[in-house]
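Descriptive analysis of the structure
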Amino acid sequence: MTQSTFTPRVFSGIKPSGGLQLGNYLGAIKRWADMQGEMETIYCVVDLHAITVWQDPAELRDGTREIAAGLLASGIDPTKSILFNQSQVSAHVELCWLFNCVARVGWMNRMTQFKDKAGSNAEKVSLGLYAYPSLMAADILLYHATHVPVGEDQKQHVELTRDIASKFNHDFKTDFFPLTEPVIEGPATRVMNLRDGTKKMSKSGESDMERVNMLDDADKIAKKFKKAKTDPEPLPETLDGLKDRPEARNLVDIYSALNDTTPEAVIAEYAGAGWGTFKPALADLAVAKLAPISDEMCRLMNDPAEIDRILGDGAYKAREIAEPILQQAYDIVGFLRS
Ligand code: AQP
């Protein structure tokens, strides 16, 4: 198979490591929904990745359903996309082992997300957190995915996936795995923490005030934007005026992503406005866009059996694609099966 003959196929995943936050939605999920119909789409709640840090078992199960509900409520349609949770398709772990033997320790040492998450505690974190990018490569390549829509923070991991595919192809003199493209698009590919514009917004960030959760009510959203860190200056006349103003730039980017417009258009509309004008407008917009999603999430979460059914059905379809690819990879590597 040559690189040009891979069928265009999208894969992306999200960890059930806490409730969905606005960065997940604007940086990834919103784009996932838009890509349905453009090509074959496979979306996964990556519970195997979630346990790289401690997860309470009951909370992990509920959290997996909550993330699935969030994806469905955001427009992921199980008749158009395959939607499942990762641990129901064991081939992810099997291909990951092959990739653990292809990837080099030096490559893992360069992963900035590991350094950020492990901090000064690197000796004590799980081996899984260190090997996480190898499992992510397996998630993607198990489906021969050609495109991976992600936020900016995952770019390095998709590049590593390409390195693993290239080394596998080179070592075994084959073109078996595609060189997957990251798809990082839109004004909110890196939504920042509301209290510190140099850090990204995260599900598991320490303070709830630093993020907007998809299930926050209107009062909470308004309060969080009101208390969001900014600077004393009003909004500038041009986008250049936001250089070196990370918190201000973040709020403008969030506004433009929610409103499906560009940061330039937001500046054109709000040039000279103070935060007393812009923050309430941003809060109103966020509530208008997020309330229908959170209402639908709550409705879906009242029927966990239906969510489980959708994920089980998706896992069945995912296995149908994954198993033949895993078996071919085993053949290439030289595993004997009787
Ligand atoms: N702040 C963000 N801005 C834009 N995109 C983001 N994503 C996450 N945060 C932002 C994108 O969301 C997708 C799913 O991410 P994930 O759950 O697999 O892992 P993550 O990137 O580590 O997300 P969190 O919220 O920060 O989780 P925790 O706190 O548990 O580590 C990815 O495409 C990601 O780029």
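The structure presented is a predicted model; accordingly, all values stated were derived computationally and were not measured.

Let's talk about the packing of aromatic side chains
This structure, assessed with the given rule, holds 14 aromatic pairs. Their ring planes at 35 degrees and their centres at 5.4 Å tell us that tyrosine 255 and phenylalanine 278 sit as a pair that is tilted. Within this pair, whereas tyrosine 255 is found in helix H10 (residues 246-258), its partner phenylalanine 278 is found in helix H12 (residues 275-301), the two being separated by 23 residues in sequence. Assessed through its relative accessible area of 0%, phenylalanine 278 is described here as buried. Between the aromatic rings of tryptophan 275 and phenylalanine 278, the centroid separation amounts to 5.9 Å while the plane-to-plane angle is 75 degrees, which identifies the pairing as edge-to-face. Placement of the pair is tryptophan 275 and phenylalanine 278 together in helix H12, with a separation of 3 residues, close to one helical turn. Of the two residues, tryptophan 275 and phenylalanine 278, both sit in the buried class. An aromatic cluster is present here, built from Phe99, Phe168, Phe172, Phe176 and Phe177 joined pairwise through their rings.

Examining a positive patch on the surface
Together, Arg195, Lys220, Lys223, Lys226 and Lys227 make up a positively charged patch on the protein surface. Structurally, arginine 195 is set in the loop between strand S6 (192-193) and strand S7 (196-200).

Describing the layout of surface pockets
In this structure, the largest pocket spans a volume of roughly 1,400 Å³. If you list the elements that add at least two residues to the lining of the largest pocket, you get strand S1 (9-14), helix H1 (22-35), helix H6 (112-118), helix H7 (127-141), strand S4 (147-149) and S7. Of the residues assigned to the lining of the largest pocket, the class counts are 17 nonpolar, 21 polar and 11 charged. Elements that contribute at least two residues to the lining of the second largest pocket include exactly helix H4 (91-100) and H7. Ranked by residue count, the leading element in the lining of the second largest pocket is H7, at 5 residues.

A short note on empty space enclosed by the protein
Rolled over the atoms, a probe sized like a water molecule indicates the empty space that remains. Taken as a whole, this structure holds 1 cavity of 30 Å³ or more when the rule is applied. A volume near 60 Å³ is recorded for the largest cavity. Around the largest cavity, the lining residues are Met111, Gln113, Phe114, Lys117, Leu129, Tyr132, Pro133 and His157. Those elements that provide at least two residues to the lining of the largest cavity are H6 and H7.

Regarding the packing of H4 against helix H13 (residues 304-333)
For the pair H4 and H13, interaxial distance at closest approach is 10 Å and the crossing angle is 25 degrees. It follows that H4 is roughly parallel to H13 by the angle criterion. Where H4 crosses over H13, the handedness of that crossing is left-handed. Contacts between H4 and H13 involve Ala91, Glu94, Leu95 and Leu98 from the first element and Ala322, Glu323, Leu326, Ala329, Tyr330 and Val333 from the second. Of the residues contributing to the contact of H4 with H13, the split by class is 8 nonpolar, no polar and 2 charged.

Topic: the environment of alanine 218
Considering the arrangement of structural elements, one finds alanine 218 in helix H9 (residues 218-227). We classify alanine 218 as partly exposed; its relative accessible area is 39%. The sequence separation of alanine 218 and aspartate 284 amounts to 66 residues, and the corresponding C-alpha distance is 8.2 Å.

With respect to the nonpolar core
Counting 60 residues, the largest nonpolar core has Leu22, Phe225, Ile254 and Phe278 as the members making the most contacts within it. A total of 11 residues in this core trace back to one element, the largest contributor, which is H12. Those residues within four positions of phenylalanine 278 in sequence are excluded, and the remaining contacts are Leu235, Leu251, Val252, Tyr255, Val266 and Tyr270. Counting residues in hydrophobic clusters, the runner-up holds 47 residues, among them Tyr143, Leu160, Ile321 and Ile325.

Observations concerning the pattern of salt bridges
Scanning the entire structure with this criterion turns up 20 salt bridges. Ionic pairing is found between lysine 30 and aspartate 260, a salt bridge with its closest N-O pair at 2.5 Å. Note that lysine 30 is positioned in helix H1 and aspartate 260 in the loop between H10 and helix H11 (263-270), a separation of 230 residues in sequence. Lysine 30 gets classed as buried once you look at its relative accessible area, which sits at 17%. In this structure, aspartate 231 and arginine 245 form a salt bridge, with 2.8 Å as the shortest nitrogen-oxygen distance. Linking aspartate 231 in the loop between H9 and H10 with arginine 245 in the loop between H9 and H10, this pair joins segments that are 14 residues apart in sequence. Put simply, Asp208, Arg211, Asp216 and Lys224 are held in one network by salt bridges that share partners.

Cut-offs and rules
- Residues numbered from 1 in each chain as written.
- Predicted model: local features only at pLDDT ≥ 70, side-chain atom pairs only at ≥ 80, totals over all residues.
- Heavy atoms only, no water.
- Phe/Tyr/Trp six-rings, centres within 6.5 Å; stacked < 30°, edge-to-face > 60°.
- Helix = DSSP H or I, 4+ residues; strand = E, 2+ residues; numbered from the N terminus.
- Buried < 20%, exposed > 50% of the residue type's maximum accessible area, 1.4 Å probe, protein only.
- Patch = residues over 30% accessible without salt bridge, like charges linked within 9 Å, V, L, I, M, F, W, Y side chains within 5 Å.
- Areas by Shrake-Rupley, 256 points an atom, 1.4 Å probe, with all protein chains shown as cover.
- Salt bridge = Lys/Arg side-chain N within 4 Å of Asp/Glu carboxyl O.
- Lys, Arg positive; Asp, Glu negative; His and termini not counted.
- Charge placed at Lys NZ, Arg CZ, Asp CG, Glu CD.
- 1 Å grid on protein atoms, 1.4 Å probe; cavity = no way out; pocket = protein on both sides within 12 Å on 5 of 7 lines; lining within 4 Å.
- Points joined across faces, edges and corners; volume = space filled by probe spheres on them.
- Nonpolar A, V, L, I, M, F, W, Y, C, P; charged D, E, K, R; others polar.
- Axes fitted to C-alpha atoms, helices over the stretch in contact; angles between N-to-C directions.
- Parallel < 35°, antiparallel > 145°, perpendicular 65-115°, else oblique.
- Left-handed = near helix turned anticlockwise from the far one by under 90°.
- Contact = heavy atoms within 4.5 Å.
- Core = buried A, V, L, I, M, F, W, Y, C linked by side-chain atoms within 4.5 Å.

Any functional reading would require information beyond the geometric quantities listed.
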